[in-house]
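Architecture at a glance
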Amino acid sequence: MRKSHPVRRVVLTTAATVSGIVLLLSLKPVSGPSSAQAAGGALPQATATAQESPQGGARAVGSGTVTGEAARTQYGTVQVRITMSGGRITEAEAVKAPRGGRSDQISAMAVPRLNQEAVAAQSAQIDAVSGATYTSAGYRQSLQSALDRAKTEGPAGSNGSGGASATARTVTGDVARTQYGPVQVRVTVSGGRITRAEAVQAPQGGRSGQISADALPRLGREAVAAGNADIEAVSGATYTSAGYRQSLQSALDRVGG
């Protein structure tokens, strides 16, 4: 019998060893990120979830109205109320603005434009109206505070957290006698907040009718914005304003009682 050549035996042994090592490596579990992806592992899915989850976002804003803090300016007070729907500003209005003399003209010109810009921008980052620098600055300040309140407290009347769901209650105050006629106020309160204020009686006839027509809507807006009877008198309507505050306070006292 012929004997195997020693060199051939060495080559065959080496080849068998290498084959065994390759076989063992092919059976070793995959462990790297790229291997996990190739094998359909969970790492890429977990990464995607982390990217999609919100990072410390503010609480979702619902629907309703929010009034910002009153901003004091060199020419008067500016206070903004916004209406939210689905987390977006649908309406913005100034419930307080500088009044008297030239300020009336400036407010009448600037406020509607600021209201439109607030809705368009969906933020307080709006441009100042030319010729109404102080009013614009106060508007932005009050608007920002309203947006901050909407995020932290929730709009009044919303169904989400922070929203009021209490049944509205309407109360009429006592008749306040003034030098020019009686004033009587009716308020609607919901969730502990004034949602509407209106005069059911006011001085009428001649000049008194004109004063009432001008002053009462402004007094109503101020009552809603302030949430109490501590509201400013309308220039040129001192007696009507005093009677309004008196009747409003009696109505609020009845709500509290």
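Heads up: these notes are all about the structure in this document. (Residues numbered from 1 in each chain as written. Predicted model: local features only at pLDDT ≥ 70, side-chain atom pairs only at ≥ 80, totals over all residues. Heavy atoms only, no water.)

Now for the overall build of the protein chain. What the protein chain contains, in helices and strands, is seven helices and eight strands. Out of the 257 residues in the protein chain, the part that is buried amounts to 33%. Considering only contacts within the protein chain whose residues lie at least 6 apart along the sequence, 47% involve residues at least 24 apart. Counting every atom, the protein chain has about 15400 Å² of accessible surface; 51% of that belongs to carbon and sulfur. (Helix = DSSP H or I, 4+ residues; strand = E, 2+ residues; numbered from the N terminus. Buried < 20%, exposed > 50% of the residue type's maximum accessible area, 1.4 Å probe, protein only. Contact = heavy atoms within 4.5 Å. Areas by Shrake-Rupley, 256 points an atom, 1.4 Å probe, with all protein chains shown as cover.)

Turning our attention to the pattern of salt bridges. Here the structure, examined in full by the defined rule, presents eight salt bridges. Across the pair Arg72 and Glu232 runs a salt bridge whose closest N-O atoms are separated by 3.9 Å. Here Arg72, found in strand E2 (residues 71–73), pairs with Glu232, found in the loop between helix H6 (207–226) and helix H7 (238–256); they are 160 residues apart in sequence, far enough to count as distant. Of the residues examined, Glu232 reaches a relative accessible area of 42% and is grouped as partly exposed. The partner of Arg99 in a salt bridge is Asp104, with the nearest N and O atoms 4.0 Å apart. What makes Arg99 partly exposed here is its relative accessible area of 41%. Within this structure, Arg186, Arg196 and Glu198 form a network of salt bridges that share partners. (Salt bridge = Lys/Arg side-chain N within 4 Å of Asp/Glu carboxyl O.)

Leave glycine aside and you will find that most residues have negative phi; peptide bonds, for their part, are mostly trans. Positive phi, normally seen in glycine, also occurs at Gln122, with a value near 60 degrees. Topologically, Gln122 is positioned in the loop between helix H4 (102–121) and helix H5 (133–152).

Judged by nonpolar contacts, the single largest core of 23 residues is most densely connected at Val80, Ile82, Leu114, Tyr139, Leu143 and Leu147. Sorting the residues of this core by element identifies strand E3 (76–85), strand E4 (88–96), H4 and H5 as the ones contributing at least two each. Setting aside chain neighbours within four positions, we find Tyr139 in contact with Val78, Val80, Ala92, Glu93, Ala94, Leu114, Asn115, Ala118 and Ile126. Grouped together as the second largest cluster of nonpolar side chains are 21 residues, Val171, Leu216, Val234 and Ala251 included. (Core = buried A, V, L, I, M, F, W, Y, C linked by side-chain atoms within 4.5 Å.)

Orientation of H4 relative to H5, taken along the N-to-C sense of each, is 40 degrees, at an axis distance of 10 Å. Classified by the interaxial angle, the pair formed by H4 and H5 is oblique. The two elements H4 and H5 meet at a crossing, and its hand is right-handed. Note on element contacts: H5 touches H4 through Thr135, Ser136, Tyr139 and Leu143, opposite Ile106, Leu114, Asn115 and Ala118. (Axes fitted to C-alpha atoms, helices over the stretch in contact; angles between N-to-C directions. Parallel < 35°, antiparallel > 145°, perpendicular 65-115°, else oblique. Left-handed = near helix turned anticlockwise from the far one by under 90°.)

Glancing now at H7. Along its 19 residues, H7 runs 27 Å from first to last C-alpha, staying within 8% of the 27 Å computed at 1.5 Å per residue. For H7, the complete set of buried residues consists of Thr240, Ser241, Gly243, Tyr244, Ser247, Leu248, Ser250, Ala251 and Leu252. Residues of H7 that are buried in the fold lie against strand E5 (169–172), strand E6 (176–178), strand E7 (181–190), strand E8 (193–201) and H6. (Expected span 1.5 Å × (residues − 1).)

A separate point is the pairing of E7. In terms of residue burial, E7 counts as a mostly covered element, since eight of its 10 residues are buried. Relative to E7, E5 is paired through four bridges, and the arrangement is antiparallel. Bridge assignment links Arg169 to a residue of E7, and that residue is Val189. When E6 meets E7, the two strands line up antiparallel, connected through three bridges. Its bridge partner being in E7, Thr178 is matched across the sheet by Gly181. For E7 and E8, the ladder comprises seven bridges, and the chain directions are antiparallel. What sits directly across from Gln184, in E8, is Gln201. (Pairing = 2+ DSSP bridges.)

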